[in-house]
Amino acid sequence: MKKMFVSALLCALLVVPQIALAVNSRDYIPLPPDTFLFCTYFKHISATSYYANGKKVSNDFNLTENLGILRPVYYMDIGKALYGDGGFRIDPQALIPFGEANLDGAAVGNADISTTGFADPTVFATFWFVNDPKNKLWAGFSPYITMPLGDYDRHKALNLGNNRWAIKPELGVVKGFGERTYLDMIVNGEFYTENEKINLKQDPVFGAEVHLSYDITKQWYASVDYFYSYGGETKQNGEWQNNKVNSHGLGLSLFWMIGSNNQLMVEYRDDFSVRNGPGTNTFGARWAYFF
């Protein structure tokens, strides 16, 4: 039985989403046209327990990931917004992730598994069809396309690449209240092609995020963050794996400006309710430079 569990766990980890494409607070507020933004991210992800059908099945499970992401962004107007006096703004950009992942513990037969390299890059743009800064209202649509260009080995239990395409349409709305408070609401769905090297298919994963942020001073603000994801059951060699995702997470983010061109962010996220998969905690940091 233990051997069967280890085998199933390693199979599930072949499709663990290593790169979280969650939005940060106020990301759906566009910067002025002709602004270039360059961001670098660091994420430390860890898990010490694994869940199956809502039950903790192992405490001797140690997953750690250290990831970096490079993100160039350019803002431009291509016409008038459908609503509001701002322009119909877009921001073509890319996410270029890289890093390392390690896994050990009795849950994986006391194996010591690791991988390094590049993960699958993502290209996308947000299209702000509502851009109404006077009334502090913005809405945008973001189609993400993740390309299977990351490092991948079908024989490894951990991979930074997934050897498949992913398309993630997302809709985000931000509303400001008074002088200091903003509410972000985001919904999305991620759809996958087949990983033919291991005969793996996956159902779509649907998600929602809510960010409530408040300006503490003119230079820095804080955000309370909520994340939800559902779906994503996998089918390998024609058999469903009964590993549908149903997860809730809470987070806290702090942002502060340094001068007029630099912003630093630190964040913490706890996926406190997990039905299937590792229960992860994430510490993240971001440096953004505007010019």
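Structure's up top.
About the cut-offs
Residues numbered from 1 in each chain as written. Predicted model: local features only at pLDDT ≥ 70, side-chain atom pairs only at ≥ 80, totals over all residues. Heavy atoms only, no water. Salt bridge = Lys/Arg side-chain N within 4 Å of Asp/Glu carboxyl O. Helix = DSSP H or I, 4+ residues; strand = E, 2+ residues; numbered from the N terminus. Core = buried A, V, L, I, M, F, W, Y, C linked by side-chain atoms within 4.5 Å. Buried < 20%, exposed > 50% of the residue type's maximum accessible area, 1.4 Å probe, protein only. Contact = heavy atoms within 4.5 Å. Pairing = 2+ DSSP bridges.

(A) Here's a closer look at the pattern of salt bridges. Inspection of every chain in the model, using the stated rule, returns seven salt bridges. For R286, the salt bridge goes to D27, with nearest N and O atoms at 3.7 Å. Within this pair, whereas R286 is found in strand β20 (residues 277-290), its partner D27 is found in the loop between α1 (2-13) and β1 (36-52), the two being separated by 259 residues in sequence. A salt bridge links D77 to R89; the nearest nitrogen and oxygen atoms lie 2.7 Å apart. Taken as a pair, D77 in strand β4 (residues 76-80) and R89 in strand β5 (residues 87-90) lie far apart in primary sequence, 12 residues in all.

(B) View of the nonpolar core. Core analysis: the biggest nonpolar cluster contains 19 residues, and Y28, L37, W138 and V174 have the highest contact counts within it. Mapped by element, the contributors of at least two residues to this core are β1, β3 (62-74), β10 (137-146), β12 (181-192) and β20. With three residues, the single largest contributor to this core is β1. Ignoring anything within four residues of it in the chain, the contact list for L37 reads L31, R71, P72, V73, Y75, A288, Y289 and F290.

(C) How the structure looks around the sheet that holds strand β16 (residues 234-236). Pairing within the open sheet is antiparallel, and its three strands lie in the order β13-β16-β17. Edge strands, defined here as strands with exactly one partner in the open sheet, are β13 (200-202) and β17 (239-240).

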